[in-house]
Structures are given as C-alpha cells and as structure tokens.
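# Structural overview
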Amino acid sequence: MKRISLFVTVVLIFLFNAFLYAQQNKLVSPEEFLGFKIGADFKLARWEQIIEYFNIVDDFSERVVVRELGKSTEGEPFIMAVISDPQTIKDREKYKNIQSKLADPRGLNEDEEKRLVEEGKVVVLVSCNIHSTEIASTQMAMELLYQLAVDNDPKTKEILDNDIILLVPSVNPDGVNKIVDWYIKSLGTPWEGGSMPWLYQKYVGHDNNRDWYMLTQAETRILTKMLYTEWFPEIVYDIHQMGNKSVRYFVPPFFDPVNPNVDPLIHESLKLLGGHIVTDLSAAGKTGVLTNAMYDNWWHGGNRTTPYRHNMFGLLTEAASVRIASPIFQKKSELGGVRRGLADQEPKVNYAEPWPGGWWRLRDIVEYEEITCYSIFTVAARYRDMFLRNYLELAKGAVEKGKTEPPFAYLVPENQKDLPTALRMLEILQLGGIEIQRANAGFTADDVSYPSGTYVILLAQPYRNHAKDLMESQKYPQRYLYPGGPAEPPYDMAGWTLPFQMGVKRISVVSGFKADLSIIDKIPHPKGKINNVSSQGYILKNKMNNDFILINRFLSKRGVEFRIAKKGFRLSGEKFDAGAVIVKFSDNNTRNSFEKTAVFLGCELYGSSAKPDVDTYRIAGQRTALYQSWTANMDEGWSRWVLEQFEFPFKSLHDAEVRAGDLRDRYDVIILPSQSESSIVGGVGEFDMPPQYTGGMTELGVRNLLEFVEQGGMLVCIDGSCMFAINRFNLPIKNIVSGVLTKSFYCPGSVLGIELNINHPIAYGMNKNSAGYFRRSAAFSIEEDEEGDDEILTTSKNSEVIAKYSDKVLLLSGWIIGEEKIKGQPAIVETEFGEGKIILFGFRVQNRGQPHGTFRLLFNSIYYGSMK
C-alpha cells in the first residue's frame, strides 16, 4: 500500500512538473494576455499592449522576429513582425537579397533568374489600421500573429514553407491610443463610438492614405523605405473599414477605369486573389461580400495603389464598420446599394449572397479579415513560383518598355526658378525607388542641347510606371453614371502631375539619345550663393519657397529689417521684380548668421550698399491664427503642416476664442482652411460630442470675425470656406459653379492652368502662368455692391482679381466637364472690407502638402496682412 502511495506521489509530482514546464513553454494567447477575446464588444487593446504582445511572441517563437522600423510622427514605435518557418527567419537576409534581385533583375542571366524563382518565397505585406477609427485590423493582428506562431496544421505549414509575411499592426501608431482612449470615455454617452474632435494623425488624419507618392509624413516614409529598399514584397494587403449602410465587405477586383501605367498582369492577378478570398469567405458562411464596385484602379497615392507602379500586387478590403467596438443592429430593409457597381441589395453576379441583417460586431470584422489573410497567404503559397516569376517579368517588362517606348527619359535642368523645390521633387522620386542620374557632360536630346549637371530620369528601370505616372499628364476618361446623366465621380483624384503641382520645369524626351550619366545615391542638398558680400545688406529675388524659411528665421531677431519692393527695379545691372526682399542689417553677428543660413537653404543673395530707389512695405512681426474647428478638418491639418515646414509662427484659433471677440487685438491675419459654411458656424451636433466641442463659432463668432476685418484684419479663405465669407459677409462675389449640375460642370481633383497678376503682393515671386489644384473648387464673378438694402452687412468697397483660370490651356492634368464655364474667370480675389481685406482662394493652394508651386500664394498672404 505504501509502495502504491509512493508511486502515486511520484507520478503526481512528475505530472505537476510537466504541467509547469508546459505552462512555461506555452505561448500565452491574446485572450489570456488581454483578459478578453479579440473583437469582443466594448473591448480594445492599447498600442503599448499590442507592442508588448508582439515582443512576447518574438521571444517565444522561432517563426517570428519583430523589428522597430522607426518612430512615428509623435514618437511612437513603428513595428513590423516578420513571420515564416524558423530557417527562413534565420536566413532572412538571404531572402531580402533574393527579393532585391527579383525587383531589379538587370544584369541577371536566365539561369540566375530561374534559381531565384526556385529559391525565393512570396513576400506578403499585411498593412493594418492606417485609419485609426478602422480599428479591427490592429486588434486582429495579435490573433493572426499568435495563430501563425503556434499552429501546426497543414495549412499553416504550407504558408510558412512558401511565404514570408510582413505584419504591420498599425501604419498609424499615434492614432491607436487616441481612438481607444476617446472610445472608452464615450461609453454610455450619446456620442458612444463617435468621432473625435481632433485628427487621429497629427497633421493629416484620414489623408495619411493619400501620401504614398508625396511622402510628407514619417509613417509613409518608414513603410516606403521598407517596401522599396529592404523587402520588396510581391503582395501588399491594405486592410480598411467603410460605412455600414450597405454591404458588409468589399473584396477586389476593382471598378473602372484602369490607369494605363498599371500593367494588365496586375489587374488579372487581382482577379485570382479576389476570387480565392470570396470563395473562402463564402465557404466559411460569411455573407454580404461585394466585388467589382466602388474602388477603382486609376488613382496614384494610396497604400495599395502606389505599389502597383512598383510591380506589386496591391489589394484592399473594406469591412462595414461598427461604432469603434460597440455593436450595431441593422435590418436588411435599412441597407441600400453603393454609388458605383451595386444599385440595391438584390443578389448580383458581384454580390451573390447579401447579408440578411441583424447584429454586426467588431468580432465579425475580425473574422472576415482573418479569413482574408489566410486566403491570401494560401494562394501565395500555392502559386509561389507564379507570383515570383510574374514579379520578375513585370520588372523586366518595365525596363524593356523604357528602352523601346517613348518617353525614354525625363530631364530636370538645374536652371529652375526654384531649384530647392526641384531637388525636393527629385528626392521624393528617389525615396519612392526611382533611379536618378546626372549628366557628367553636355548632351543632346530631341535636337536640344543640355548642359552637364542636368538631372536625368531614364525610364528603362524597374519602377518606370511610378516615374511616368508622376511626371506625365493624366487624361481621365469621360465617365457618367448613365447616358445623359451626372458625372461618375472617381474614387479620389483624376490628375496629380508633380512637376505642374510643384512648379518644376521638366522635359519629356521622346527619342533615343546618348549621354554620359552617373547614378546619384542621394539628391544633393541645395547650396545657396552670395553675389557681392556686403556689410550693409542684401536683396532676395524672392522666387524660392526656401526664401520664406530664411526670412521667418530672422524676422524676430535684432539688427535686421526686411522690406518688400512694391515695383520692379534695377540695381548694379541686376533686374529685380516686384516682391524682391530688401534686407538691411545693423548687427554683424546677425548678418553673418543670415549669410550662412541663406547658403544652407539654397537661397541666392545680392549684396548692395546702395539703397534701391523703390517704394517698399516693411514685413512686421507676424500675428497669424489658423482656425481649427472641432470637426477634425484635414485641410486644417495640412495647412498646419505646411506652415510649420516653412517656419511660419501661428496660433490655432478655436471656436471659444472666436466667440470671445476682440480678435484684432491679437491677430493681423486669420486663415480659414477649406471647410463648409455650415460646419464653421454650426460645428459638431449637440449629441455628437461632449458639450465643450459642439456648436461651432455660432452667429456671435461670425460677427466677431466681421468686426476683426472691419478693424483692419485680413481674413484668408481657402476653397470651401470662401462660401462662408461670401454668404455671411454678403460680399459682392458669387461662386459661379456652386450648385451647377455635374453634367454641365465637373472637375474632381485636377491640375488647371491659372494666370496671375504678378504685381499684386499675394502673387509676388510667381510666374504669370502657373498651375493650381482644383478639387470641386470655386470660380468667381464680381458684382456691383447692392445699395439701399438694410439687410446687407457688408462694408466691401472694391474687389481685385489676383488670379484667373486660364482662358487658353485650362486642363493640364485630370478631368473637366464644361471648362468654358470657368475659363478666364477669377480664381483668387481680394476684397476690401472696412479697414481690412478678405482674400478668397478659389482652390486649395496647399492641397495635401503637394502643390509647392502655389504655397507662395498663402505665404505672401501672411506677409501682406502683416505689412506696414
């Protein structure tokens, strides 16, 4: 009996130790780690928890390695997990090298190509949560990582043996906790799961998925570097959520039109991927899945569309949203169709099994997204050699087209009006993987001679389509919802040509040519020039955007004064136009520092001891406010970013301060970014946010703004906010395209020609013929003031046209219907109002941080409003 008891004791001790060992060697699941199931109602993981869990999996599993790729805009870790079988993880540098050669196969022979395809693995990027309110994917990423780390079923083994998965749990780390914290505070309130009063990305909010060729933000630069210089994935999966009034889930293929710079093989491959996803979702009992609708393959600039131009197979899914993590109940009768590709909820070829209605939860979204991930991983694994071979052939085809089809190159000469901006454009292209060369000697192309130093973008390179799509004009096809009906809106922009937007001279070469060229590893920093060092002062021609940085850095320093010439003049044989900046010093230390800064920024100074015989304005200290409503306005964020980049001092102006009045005591210039009249005045609804964020500036704020201008202030209105000033101040100006049917006039996101009065202070330093970005924007007509009407509040005296839409060549890139409606019509207007002025910018001069060629108009406005 004792022996049996002893035996039982030993067995129990063994089993207990085995249990402890198993526990120590068992990866904790996300549910165990968090204390709730991923996707549970009302529950969300914070960013630091997600990072901690990813690191726990990294420590436990040989299948996973987690890297920090950089820091976000606000300093959060930007992480990525690399997932594959253990040996591949150990040999990941080998596979990165394979990917690099597949992406750029120049110099490889047939045997080397065959070996790379045989040895390589399909690299799949899963990009989660770029839009922070679309939070399911960043939560799902924890569960997906866990399953790939621990599961040993045949499906997982097939994936790990053939794929390398790059899992980014959030492309906007800063927004995760902002959304989680706001949501938790909102629970139990009327605004539960509603919008925040600020942007979830510091500057651009939802537009962070509009930055993938311009690369203005830290997050887009981090992921772009990984995409085009480190891992070169074949497949890019971008996970999104959408509105919930129609289908439950969108899956590619996409809708028309297609962009000619996207290879047909990419479109065809998306059919394979999308078909596999839809089939797997249907087999799992998931309904409400739509294809071939809504989202098109025209626009460049998204997380999945820019990779197309890099020979990658980019796809996105869109899931119907809940209220962050709060479930919703919807009857099928409450659901409708979508704008493009689905008229109603009846079954269709592209919508075979409508969702029956009922409860819709965060967990539902998580499950749809997980099924999609596994479907992509599986089809990539099973067609491994096909994806690798096609990736290689796309790169080879791009190089061959660059040799045989015009244009053969784009040239960017050094003799630019604004060389630092031209170099910035080249830097953007280079960061996007474009190979840029420079001429070592003079050469001839298309019978034109070009000097040494000319920058050359040869299109015989793997990312030809990316360069071509940014450098050439877009010609969007005419599309209507039905014959004789309204225009069919594109998904996003219709045209975006960078040289036009940035004011950079570029030449397209349509014939073969020879030149002595060298590849540039890094675009050089612009170096300024001092003509005739002077102890008295300098003159800036004021043609470069960096001139504003130079002036702003020294405007508040002692021993220096800045004056702007009202007219053109000549001095010491040099011609200076109206707007030239005359700089005088009374402090040698300030002058020395100014000279060094000018050279560093690429500015050009002209020294002179003689005083120009010309009338001037003095640039005084700036007292500028940028209106920031609680509606989380992206155009405000972009305006803020642009002003910060060029070092303009300003304050954010909120509704409470506008309502408090006495604005003229504090500000000279107030900027209203593009925003609707109703949003400015009415703001957020009473039950949509806490009381301190609701209500807008109200009628009291409108009167205080009116008083600000009447007392000598300047109100600058951009695009949408122009209607606020026109209507609320009863200006004798009309927006002639407001309310016009789209079949008569329509221009969605296009580059238009504009003609400027370059002798007006707001247009100083501009070219007379320039380009502006029109996004369903405004065109004006100026009317006579009405008299004898007691209801009219306006004290407007005179209006002056600063710019008009070109009456010669209007459309430069994109799409316009009814261009005769705005040809030759005012685009920028100044109106005197009491003692002050109102500036109406009919188009967005700072749109998404892209049109560097029109930034100057906004900057000049600030100086104009501060001039003495």
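Before reading further, recall that the structure is shown in the block above.
In this report, the structure presented in the accompanying data block is examined. None of these values were measured; they are calculated from a predicted model.

For the rest of this paragraph, the subject is the pattern of salt bridges. Under the defined criterion, the tally for this structure stands at 57 salt bridges. When the shortest N-O distance is used, the salt bridge between Arg46 and Glu48 registers 2.6 Å. What makes Arg46 partly exposed here is its relative accessible area of 26%. Judged by relative accessible area, which is 38%, Glu48 ranks as partly exposed. A salt bridge links Glu393 to Lys396; the nearest nitrogen and oxygen atoms lie 3.7 Å apart. Residue Glu393 and its partner Lys396 are both found in helix α13 (residues 384–404); the two are separated by 3 residues, about one turn of the helix. Note on Glu393: relative accessible area 32%, which makes it partly exposed. For Lys396, a relative accessible area of 30% puts it in the partly exposed group.

Quick look at the pairing of strand β25 (residues 581–585) now. Most of β25 is tucked away: 4 of the 5 residues are buried. Where strand β21 (residues 537–540) meets β25, 4 bridges bridge the pair, whose relative direction is antiparallel. Pairing of Tyr538 across the sheet is with Val583, part of β25. Here strand β22 (residues 560–565) pairs with β25 via 5 bridges, running antiparallel. The residue bridging Val560 from the neighbouring strand is Phe585, located in β25.

Quick look at the nonpolar core now. Core analysis: the largest hydrophobic core is formed by 163 residues, its most contacted members being Phe54, Val126, Leu167, Ile235, Leu426 and Ile457. When residues of this core are assigned to their parent elements, the largest contribution, 10 residues, is made by helix α12 (residues 362–382). Not counting chain neighbours up to four residues away, the residues in contact with Ile457 comprise Phe408, Ala409, Tyr410, Leu426, Leu429, Ile434, Glu435, Ile436, Ala467 and Met471. Ranked by size, the runner-up nonpolar core spans 68 residues in total, among them Val642, Leu643, Phe648 and Tyr864.

What follows deals with the sheet that holds strand β13 (residues 409–412). Across the sheet, 5 strands lie side by side as β18-β13-β17-β14-β19; this open sheet has antiparallel pairing. On the outer flanks of this sheet lie β18 (507–509) and β19 (517–519), each paired with one strand and no other. Between one strand axis and the next, the sheet turns through 30° on average, direction left out of account. When strand β14 (residues 437–439) meets strand β17 (residues 455–458), the two strands line up antiparallel, connected through 2 bridges. Paired with Gln437 across the bridge in β17 is Val456. Here helix α14 (residues 419–431) sits on the sheet in contact with β13 and β17, set at roughly 30° to β17. Contacts from helix α15 (residues 464–471) reach β13 and β17, with the element oriented near 55° to β13.

In this section: the pairing of strand β5 (residues 235–242). Counted residue by residue, β5 has 8 buried out of 8 residues, so it is predominantly covered. Examined bridge by bridge, strand β3 (residues 122–127) and β5 share 4 bridges and lie parallel to one another. Across the sheet, residue Leu125 finds its bridge partner in β5, namely Val236. Across 8 bridges, the pairing between β5 and strand β10 (residues 313–320) is parallel. Each bridged residue has a counterpart across the sheet, and for Gln241 the counterpart in β10 is Ala319.

What follows is about the packing of helix α17 (residues 546–554) against helix α24 (residues 852–866). Relative orientation of the contacting elements α17 and α24 amounts to 30°, with a least axis distance of 11 Å. Classified by the angle their axes make, α17 and α24 are roughly parallel. You can see that α17 and α24 cross each other, and the crossing is left-handed. For the pair α17 and α24, the contacting residues are Phe548, Ile551 and Asn552 in the first and Arg856, Phe859, Asn860 and Tyr863 in the second. Residue classes in the contact of α17 with α24 are distributed as 4 nonpolar, 2 polar and 1 charged.

Reading the values: the criteria
Residues numbered from 1 in each chain as written. Predicted model: local features only at pLDDT ≥ 70, side-chain atom pairs only at ≥ 80, totals over all residues. Heavy atoms only, no water. Salt bridge = Lys/Arg side-chain N within 4 Å of Asp/Glu carboxyl O. Buried < 20%, exposed > 50% of the residue type's maximum accessible area, 1.4 Å probe, protein only. Helix = DSSP H or I, 4+ residues; strand = E, 2+ residues; numbered from the N terminus. Pairing = 2+ DSSP bridges. Core = buried A, V, L, I, M, F, W, Y, C linked by side-chain atoms within 4.5 Å. Contact = heavy atoms within 4.5 Å. Axes fitted to C-alpha atoms, helices over the stretch in contact; angles between N-to-C directions. Parallel < 35°, antiparallel > 145°, perpendicular 65-115°, else oblique. Left-handed = near helix turned anticlockwise from the far one by under 90°. Nonpolar A, V, L, I, M, F, W, Y, C, P; charged D, E, K, R; others polar.

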